[in-house]
Amino acid sequence: DLSGWDVTSVLYADWFLKSTPGLTTPAYDALLLAWSGQALQSGVSVDFGASNYTSGGAAETARTAMINDDAWTITDGGAA
């Protein structure tokens, strides 16, 4: 469970979270919700491999906020 990580100082993350086949959808949802609630650095790229988030829910809203508000580039498997 990576949702408890403090990522407020992360500047580069494109190499350390890529996992195949990825996180489970509930684990990825929890991570997106927890991380989006932090004061994130701008412009971070992160690769979650084939991880899928729940479409139309709070996790998708959190992911979208990270992309739009914090300029994160998130690579993942898309919506479940």
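Along each chain, numbering runs from 1 in the same order as the chain's sequence is written. Confidence filtering applies because this is a predicted model: local features only for residues at pLDDT of at least 70, side-chain atom pairs given and counted only at 80 or more, and all residues used for totals across whole chains, interfaces and linings. Values shown for side chains rest on all heavy atoms present in the structure; no hydrogens or waters enter the calculation.

*Asks:* Which residues make up the overall build of the protein chain, and what values do they have?
*Replies:* In this description a helix means any DSSP run of H or I spanning at least four residues, a strand means any run of E spanning at least two, and both kinds are numbered starting from the N terminus. Along its length, the protein chain carries 2 helices and 2 strands. For the protein chain, the succession of helices and strands along the chain, N to C, is α-β-α-β. When a residue's accessible area, from a 1.4 Å probe over protein chains only, is under 20% of the maximum for its type it is buried; when over 50% it is exposed; and in between it is partly exposed. When the 80 residues of the protein chain are sorted by exposure, 35% land in the buried category. In this description, contact between two residues means that some pair of their heavy atoms is separated by no more than 4.5 Å. Pairs at least 24 residues apart make up 83% of the contacts formed inside the protein chain by residues separated by at least 6 positions. The method behind every accessible area is Shrake-Rupley, applied with a 1.4 Å probe, and residues are considered shielded solely by the protein chains displayed. Carbon and sulfur atoms make up 53% of the accessible area of the protein chain, which amounts to about 4200 Å² in all.

*Asks:* Could you give an account of the packing of helix 1 (residues 25-36) against helix 2 (residues 58-70), naming the residues involved and the relevant values?
*Replies:* Angles shown run from 0 to 180 degrees and are taken between the N-to-C directions of axes, each axis being a line fitted to C-alpha atoms and, for helices, limited to the stretch in contact. As a packed pair, helix 1 and helix 2 sit with axes 8 Å apart at the nearest point and diverge in direction by 45°. Considering the angle they form, helix 1 stands oblique to helix 2. Here the hand of the crossing between helix 1 and helix 2 comes out left-handed. Note on element contacts: helix 2 touches helix 1 through A58, A59, A62, R63 and M66, opposite Y28, D29, L32, L33, W35 and S36. An angle below 35 degrees is treated as roughly parallel, one above 145 as roughly antiparallel, one from 65 to 115 as roughly perpendicular, and anything else as oblique. For any helix crossing, the convention is left-handed if the near helix is rotated counterclockwise from the far helix by under a right angle, and right-handed if that rotation is clockwise.

*Asks:* Just give me the short version of the pattern of salt bridges, but keep the residues and values in it.
*Replies:* The rule for a salt bridge is simple: a side-chain nitrogen of Lys or Arg has to be within 4 Å of a carboxyl oxygen of Asp or Glu. Overall, the coordinates contain 1 salt bridge when judged by the stated rule. In this structure, D76 engages R63 in a salt bridge whose closest nitrogen and oxygen atoms are separated by 2.7 Å. One end of the pair, D76, is in the segment after strand 2 (73-75); the other, R63, is in helix 2, and 13 residues separate them in sequence. We classify D76 as buried; its relative accessible area is 16%.

*Asks:* Describe the nonpolar core, with residues and values.
*Replies:* Take the buried Ala, Val, Leu, Ile, Met, Phe, Trp, Tyr and Cys residues and link them wherever side-chain atoms come within 4.5 Å; each set so joined is a nonpolar core. Ranked by size, the top nonpolar core spans 16 residues in total, and within it Y28, L32, W35, F48, M66, W72 and I74 carry the most contacts. Put simply, the parts of the chain that give this core at least two residues each are helix 1 and helix 2. The element best represented in this core is helix 1, accounting for 4 residues.

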